[in-house]
Amino acid sequence: MNHHPSDPEHLRPSTSFWARPGAKAWISLVLVTGFYLLREHWGHIAGWWPYLLLAACPLIHLMHGHGGHQHGNSSEPDLTQRDERTEGK
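Residues numbered from 1 in each chain as written. Predicted model: local features only at pLDDT ≥ 70, side-chain atom pairs only at ≥ 80, totals over all residues. Heavy atoms only, no water.

**Looking at the overall build of the chain**
Then, number 1: Within the chain, the regular secondary structure consists of five helices and zero strands.
Then, number 2: Counting from the amino terminus, the chain carries its helices and strands in the arrangement α-α-α-α-α.
Then, number 3: The proportion of buried residues among the 89 residues of the chain is 1%.
Then, number 4: Here the chain displays about 8900 Å² of accessible surface, and carbon together with sulfur accounts for 64% of that area. (Helix = DSSP H or I, 4+ residues; strand = E, 2+ residues; numbered from the N terminus. Buried < 20%, exposed > 50% of the residue type's maximum accessible area, 1.4 Å probe, protein only. Areas by Shrake-Rupley, 256 points an atom, 1.4 Å probe, with all protein chains shown as cover.)

Next comes the structure, spelled out in C-alpha cells:
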C-alpha cells in the first residue's frame with residue numbers, strides 16, 4: 001500500500017518523547033533511583049569527586065571537536081594565501 005506524501009497521516013508530526021505517556025514515569029523513576037543511590041552511597045562517591053573531575057578534563061577536551069580553531073584574527077591571510085604569494089616570487 002503506497003501513501004501519497006500529501007496524505008494527512010504523513011503530515012502529522014511525530015509525537016515528542018516528552019508527550020508520550022510513559023516518558024514522565026520513566027524520568028521520575030530514574031530520578032528517584034538516582035537520588036536513592038547517591039543518598040545511600042554518598043560516603044563512597046564523595047572521595048572520588050576530585051579524581052573524576054580531573055579525569056573529565058581530558059575527556060571533555062577530546063570530545064570537544066577540534067574543528068574551527070580560528071582565533072578571530074582575520075587580518076592574517078590563511079596558509080593557502082601565504083603559499084601562493086611565496087610560490088610566485
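Having put the structure on the table, let's press on.
**Details of a nonpolar patch on the surface**
Then, number 1: Taken together, the side chains of L38, W42, W48, W49, Y51 and L52 make up a nonpolar region of the molecular surface, amounting to roughly 720 Å² of accessible area.
Then, number 2: In this structure, L52 sits in helix 4 (residues 49-63).
Then, number 3: Residue L52 is classed as partly exposed on the basis of its relative accessible area, which comes to 45%. (Patch = residues over 30% accessible without salt bridge, like charges linked within 9 Å, V, L, I, M, F, W, Y side chains within 5 Å. Salt bridge = Lys/Arg side-chain N within 4 Å of Asp/Glu carboxyl O.)

**Observations regarding the packing of aromatic side chains**
Then, number 1: Taken as a whole and judged by the stated rule, the model has two aromatic pairs.
Then, number 2: Taking the centre distance of 6.2 Å and the plane angle of 45° together, the rings of W42 and W49 count as tilted.
Then, number 3: On the numbers, 5.9 Å between centres and 65° between planes, the contact of W48 with Y51 is edge-to-face.
Then, number 4: Overall, the relative accessible area of 55% leaves Y51 in the exposed class. (Phe/Tyr/Trp six-rings, centres within 6.5 Å; stacked < 30°, edge-to-face > 60°.)

**Quick word on the environment of W18**
Then, number 1: Relative to the assigned elements, W18 resides in the loop between helix 1 (8-11) and helix 2 (23-40).
Then, number 2: Ignoring anything within four residues of it in the chain, the contact list for W18 reads A23, K24 and I27. (Contact = heavy atoms within 4.5 Å.)

**Re the UniProt feature "transmembrane region" (unreviewed entry) in the chain**
Then, number 1: UniProt annotation of "transmembrane region" (unreviewed entry) refers to residues 21-39 and 45-63 when read in the numbering used here.
Then, number 2: Between the first and last C-alpha atoms of residues 21-39 the distance is 28 Å; the span itself is 89% helix and 0% strand.
Then, number 3: Across residues 45-63, helical content stands at 89% and strand content at 0%; the span's end C-alpha atoms are separated by 24 Å. (UniProt positions renumbered as here; feature names shortened; annotations may be inferred.)

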